[in-house]
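Coordinates in review
What follows is each chain in one-letter form.
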Amino acid sequence: MVEEVESFFEEVEEEEELEEEVVFINRVAKVTKGGRRFKMAALVIVGDRRGRVGIGYGKGSEVPLAIQKGTQYAKKHLFKVPLNGDTIPHAVLGEFKASRVVIKPASPGTGVIAGGPIRALFELAGVKDVLAKSVGSSNPVNMVKAAEKGLKSLIETEKAKEQRQQGSKRK
């Protein structure tokens, strides 16, 4: 019982250090017999600036409700971004539907060179030096999801070295 209470308080402390940023708010209209019905959708990014980040897309009848739902989803689906100092370990291409995002490591002092919604993702993930280029669709939701896929496909430097050594031993 005591362990459960302690783990609960650890989770609460982790959530307190997470920062959130609303990247995109969309108003969707449904035309009915009586007129238009509006709903809101919000793309929210949550991160601790130390390698943990999550993305959430919430929908609701009002903006605060959509933001709240997006934040809850993002906190539930956090993932770890492998960092090599203040940058990423290697270049990667993230693809989601018609959006493609090319992500490359940068030398120290370069900063985050990325467009629009992808910049918020890198900043909240704690990546300080990175180059990113969006190719294809400029839809913010698809761009962020493509960048997310790219970041999830990154391999830590130590793991890559181990895989190379194991591959050379097999031959």
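Just above, that's the structure.
Source: prediction; values computed, not measured.

Considerations on the overall build of the protein
Within the protein one finds five helices and eight strands. Going from the N terminus to the C terminus, the protein shows its helices and strands as α-β-β-β-α-β-β-β-β-α-β-α-α. Here the protein, with 171 residues, has 37% of them falling under the buried criterion. The contacts in the protein between residues at least 6 apart in sequence include a share of 58% that link residues at least 24 apart. Surface summary for the protein: the accessible area is close to 10,700 Å², and the carbon and sulfur share equals 50%.

Some points on helix α4 (residues 140-152)
Counted at 1.5 Å a residue, the expected span for α4 with its 13 residues is 18 Å, and the 18 Å between its end C-alpha atoms agrees. When we look at burial in α4, the residues that qualify are Pro140, Val141, Asn142, Met143, Val144, Ala146, Ala147, Glu148, Gly150 and Leu151. By the N-cap criterion, in which a side-chain oxygen at the helix start approaches the backbone nitrogen of a residue two or three places on, α4 is capped by Asn139, the distance to Val141 being 3.0 Å.

Quick notes on helix α3 (residues 117-125)
The buried count for α3 comes to seven of nine residues, which makes it a mostly enclosed element. Those residues of α3 that sit buried are Pro117, Ile118, Ala120, Leu121, Phe122, Leu124 and Ala125.

Quick word on the side chain of Thr87
For Thr87, the location among the structural elements is in the loop between β4 (78-80) and β5 (92-96). By relative accessible area, Thr87 is classed as buried at 10%. Ignoring anything within four residues of it in the chain, the contact list for Thr87 reads Pro105, Ala106, Val127 and Asp129.

Observations concerning the sheet that holds strand β8 (residues 130-136)
Taken in spatial order, the four strands line up as β5-β6-β8-β7 in an open sheet, and their pairing is mixed. The open sheet has two free edges, formed respectively by β5 and β7 (112-113), since each of these has just one partner strand. One ladder, built from five bridges, connects β5 with strand β6 (residues 99-105); its direction is antiparallel. Paired with Val92 across the bridge in β6 is Ile103. Each of β5, β6 and β8 is contacted by α4, which is oriented at about 135° to β5, the strand it contacts most.

Points about the environment of Ile25
Along the polypeptide, Ile25 turns up in strand β1 (residues 19-32). Take Ile25: its relative accessible area is 41%, and that puts it in the partly exposed class. Along the sequence, Ile25 and Ile67 sit 42 residues apart, while their C-alpha atoms lie 8.6 Å from each other.

Quick look at the pattern of salt bridges
Under the defined criterion, the tally for this structure stands at five salt bridges. In this structure, Glu19 engages Arg49 in a salt bridge whose closest nitrogen and oxygen atoms are separated by 3.0 Å. Taken together, the residues Glu19 in strand β1 and Arg49 in the loop between β2 (35-47) and β3 (52-60) connect sequence positions 30 residues apart. For Glu19, a relative accessible area of 35% puts it in the partly exposed group. Residues Lys152 and Glu148 are paired through a salt bridge, measuring 3.2 Å at the closest nitrogen-oxygen approach. With Lys152 and Glu148 both in helix α4 and four residues apart, the pair spans about one turn of that helix. A residue is classified by how much of its surface remains accessible, and Glu148, at 14% relative accessible area, is buried.

Observations concerning the nonpolar core
If you look at the biggest cluster of nonpolar residues, it comprises 29 residues, and the most contacted ones within it are Ile45, Val53, Val81, Ile103, Ile118, Phe122 and Leu151. Excluding residues within four positions of it along the chain, Leu151 makes contact with Phe79, Val81, Pro82, Ile88, Ile103, Leu121 and Phe122. Among the nonpolar cores identified, the runner-up in size contains eight residues, and Met40, Ala66, Ile67 and Ala74 belong to it.

About the cut-offs
Counting restarts for each chain: residues are numbered from 1 in the order of the written sequence. Totals for whole chains, interfaces and linings use every residue, but because this is a predicted model, local features are given only for residues with pLDDT of at least 70 and side-chain atom pairs only at 80 or more, for both listing and counting. The basis for every side-chain value is the complete set of heavy atoms in the structure, and neither hydrogens nor water enter the calculation. Only runs of H or I of at least four residues qualify as helices and only runs of E of at least two qualify as strands under DSSP, and these elements are numbered from the N terminus. Relative accessibility decides the category of a residue: with a 1.4 Å probe and only protein chains considered, values under 20% of the type maximum give buried, values over 50% give exposed, and everything between is partly exposed. Any pair of residues with heavy atoms lying within 4.5 Å of one another is described as a contacting pair. The Shrake-Rupley method, run with a 1.4 Å probe sphere, supplies the accessible areas, and residue values consider only the shown protein chains as cover. Given the number of residues in a helix, its expected span is that number minus one, multiplied by 1.5 Å. Polar contact criterion, stated in full: a pair of N or O atoms within 3.5 Å, where within protein one must be able to donate a hydrogen and the other to accept it, and residues adjacent in sequence count only if both atoms are side-chain atoms. The rule for pairing is simple: two strands pair if DSSP sees at least two bridges between them. Axes here mean lines fitted to C-alpha atoms, for a helix over just the part in contact, with angles spanning 0 to 180 degrees between N-to-C directions. Whenever a carboxyl oxygen of Asp or Glu lies within 4 Å of a side-chain nitrogen of Lys or Arg, that contact is scored as a salt bridge. The term nonpolar core refers to a set of buried residues drawn from Ala, Val, Leu, Ile, Met, Phe, Trp, Tyr and Cys, joined through side-chain atoms within 4.5 Å.

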